[in-house]
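Below are the chains, spelled out letter by letter.
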Amino acid sequence: MGVPSSTVRVGVIGFGQWGPNHVRNFSLLDGCEVVRVCDAAPARRAAAQKFLRGVAVTADPADITGAADVDAVVIATPTDTHHALAKAALLAGKDVLCEKPLARTAAEARELADLAAAKGRILMVGHVFLYNPGVRHLKTDLDRGELGRVFYMDAVRTNLGPVRQDVGALHDLASHDISIFNFLLGALPAEVSATGSCVLRAGVEDVGFLTLHYPGNIVCHAHASWLNPRKVRQLTIVGDHKMAVWDDMNNLEPIRYYDKGVAVDHYSSFGEFQLVLRDGQIVIPKVKLAEPLQAQDAEFIACVRARREPAAGAVFALGVVRVLEAAMESLRAGGRAVPVPA
Ligand SMILES: NC(=O)c1ccc[n+]([C@@H]2O[C@H](COP(=O)([O-])OP(=O)(O)OC[C@H]3O[C@@H](n4cnc5c(N)ncnc54)[C@H](O)[C@@H]3O)[C@@H](O)[C@H]2O)c1
């Protein structure tokens with residue numbers, strides 16, 4: 001199968017909570033068309049049939065992965081199904097956009113990354129925050145050195161539900177924060193420690209606290225939970241020049257830069273040092289809002305056409321799964337620091 005010359009024909013597997021958002025975005029995008037939708041649940045197929053006139057709806061994913069009239073497969077099913085579905089699509093020569101995280105284990109994710117490379121297929125993963133205008137704004141300013149040397153980042157991602165059946169809060173929620181840290185810092189952490197609590201079901205963490213050590217002595221922390229009264233989506237970045245707070249729940253002014261800092265002023269003759277607090281202005285930059293999923297899905301189609309690797313490509317996604325795997329090992333070992341394999 002070569003490069004689609006005209007319309008990219010998309011098949012979507014999974015029409016639950018999130019799949020319809022992909023269907024909406026791909027239906028609105030120029031240069032592509034949703035031709036088939038699959039869901040295992042009869043009620044979800046009925047919903048798809050009701051809302052999507054002219055789109056073939058099926059219960060069998062093979063009707064999508066094996067269809068001659070599908071160029072690109074979008075996978076929006078639970079995480080434990082990603083590996084088998086993405087593998088079938090890649091083996092059939094399709095380009096794939098798979099929801100995050102790419103797979104449960106690093107071995108599965110690596111197999112998919114290798115398969116995509118061997119087949120010359122685009123494999124993109126729905127690390128949607130790489131396409132979030134607030135995160136992109138922070139990335140540009142970090143790369144320009146606006147915050148100076150970064151000391152640490154602290155992320156909070158909490159809400160009440162939805163409670164997943166197949167994976168815990170680390171794979172479901174902290175995967176977003178890991179993707180944001182890796183993207184902003186352009187690196188993987190060297191080691192991870194994780195604690196958490198399995199409250200609702202044995203062996204499935206409902207809350208997780210991750211500490212990740214990145215190159216350059218940068219420490220990142222993430223608190224992820226679906227068992228929390230408040231929906232919070234926040235990231236604090238502390239640098240030696242400025243500090244930033246990004247609030248993804250604030251649609252009008254998502255980022256604030258604080259011209260605040262602490263510096264060592266001088267050492268006295270007795271070896272004591274003076275700390276000087278700097279408490280300057282707060283700047284709220286203009287961030288042009290756009291739907292991140294729309295930008296992500298448009299990027300997927302652009303990459304399919306141009307045959308280029310997306311920022312959230314297979315290599316990036318494998319990095320996130322490697323961190324998750326180390327975090328799960330640490331969680332099971334009571335928080336012991338676990339290296340992330342290079
Ligand atoms: N990027 C984001 O911000 C974001 C947000 C929500 C969900 N997600 C991801 O999207 C994926 C789906 O999440 P969701 O909230 O829509 O879950 P969901 O449980 O609401 O929907 C999943 C759907 O997939 C169907 N399904 C399950 N196995 C299938 C199979 N083998 N073949 C066909 N259909 C199958 C189910 O019947 C269900 O309708 C997950 O990987 C999740 O992590 C990403």
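Residues numbered from 1 in each chain as written. Predicted model: local features only at pLDDT ≥ 70, side-chain atom pairs only at ≥ 80, totals over all residues. Heavy atoms only, no water.

Participant: Which residues make up the overall build of the chain, and what values do they have?
Facilitator: The helix and strand inventory of the chain stands at nine helices and 15 strands. Projected onto the principal axes, the alpha-carbon positions of the chain cover approximately 80 × 45 × 40 Å. Evaluated residue by residue, the chain yields a buried proportion of 50% over its 342 residues. Considering only contacts within the chain whose residues lie at least 6 apart along the sequence, 68% involve residues at least 24 apart. Surface exposure of the chain reaches about 15,500 Å², of which carbon and sulfur atoms provide 55%. If the 36 positive side-chain charges of the chain are averaged to one point and the 37 negative ones to another, these points end up 4 Å apart. (Helix = DSSP H or I, 4+ residues; strand = E, 2+ residues; numbered from the N terminus. Buried < 20%, exposed > 50% of the residue type's maximum accessible area, 1.4 Å probe, protein only. Contact = heavy atoms within 4.5 Å. Areas by Shrake-Rupley, 256 points an atom, 1.4 Å probe, with all protein chains shown as cover. Lys, Arg positive; Asp, Glu negative; His and termini not counted. Charge placed at Lys NZ, Arg CZ, Asp CG, Glu CD.)

Participant: Give me the nonpolar core: which residues, what numbers.
Facilitator: Membership of the largest hydrophobic core comes to 74 residues, with the highest contact counts inside it found for Phe26, Leu184, Leu210, Leu235 and Ile237. Among the elements that take part in this core, helix H7 (residues 169-185) stands out by supplying nine residues, more than any other. Lining this core are residues from two domains, each supplying at least three of them: domain 1 (8-129 + 293-313) and domain 2 (132-289 + 323-339). Those residues within four positions of leucine 235 in sequence are excluded, and the remaining contacts are Leu138, Met153, Asp154, Ala155, Ile180, Phe181, Leu184, Ala244, Val245 and Trp246. Within the second largest apolar cluster, 27 residues are counted, among which are Ile75, Val125, Leu318 and Val321. (Core = buried A, V, L, I, M, F, W, Y, C linked by side-chain atoms within 4.5 Å. Domains from an automatic or database assignment.)

Participant: Tell me about a nonpolar patch on the surface, and name the residues and values.
Facilitator: Together, Leu160, Val163, Val199, Leu200 and Leu227 line one region of the surface with nonpolar side chains, adding up to about 440 Å² of accessible area. Within the secondary structure, valine 199 sits in the loop between strand E8 (191-197) and strand E9 (207-214). (Patch = residues over 30% accessible without salt bridge, like charges linked within 9 Å, V, L, I, M, F, W, Y side chains within 5 Å. Salt bridge = Lys/Arg side-chain N within 4 Å of Asp/Glu carboxyl O.)

Participant: How would you summarise the domain arrangement of the chain if you had to cite specific residues and measurements?
Facilitator: In terms of domains, the chain is made up of domain 1 (8-129 + 293-313) and domain 2 (132-289 + 323-339). Between the C-alpha centres of domain 1 and domain 2 the distance comes to 29 Å. For the pairing of domain 1 and domain 2, the buried interface totals around 1,200 Å² over both sides, and the portion due to carbon and sulfur atoms is 56%. When the buried surface of domain 1 facing domain 2 is broken down by residue, Lys100, Arg104 and Phe129 rank first, second and third, together holding 57% of it. Joining domain 1 to domain 2, the criterion identifies one salt bridge. Between aspartate 172 and lysine 100 there is a salt bridge, and its shortest N-O distance comes to 3.3 Å. Remark: the boundary between domain 1 and domain 2 carries eight residue pairs in polar contact (both at pLDDT 80 or more). When grouped by side-chain class, the residues that make up the side of domain 1 that touches domain 2 number six nonpolar, three polar and three charged. (Buried area = accessible area lost by both parts, 1.4 Å probe. Polar contact = N/O pair within 3.5 Å; in protein donor to acceptor, adjacent residues only side chain to side chain. Nonpolar A, V, L, I, M, F, W, Y, C, P; charged D, E, K, R; others polar.)

Participant: Describe the site of the ligand, with residues and values.
Facilitator: As a structural note, the neighbourhood of the ligand is formed by 24 residues, with Gln17, Trp18, Asp39, Lys100 and Arg164 the closest of them. Within the contact set of the ligand, an oxygen atom lies 2.9 Å away from a backbone nitrogen or oxygen of glutamine 17. Backbone polar atom of lysine 100 to an oxygen atom of the ligand: 3.0 Å apart, as the coordinates give it. Notes on the ligand: free accessible area 850 Å², of which the protein chains cover 80%. (Near = heavy atom within 4 Å.)

Participant: How would you summarise helix H1 (residues 19-28) if you had to cite specific residues and measurements?
Facilitator: Taken together, the buried positions of H1 are Gly19, His22, Val23, Asn25 and Phe26. On its buried face, H1 is in contact with strand E1 (8-13), strand E2 (32-38), strand E4 (72-75), strand E5 (95-98) and helix H8 (292-306).

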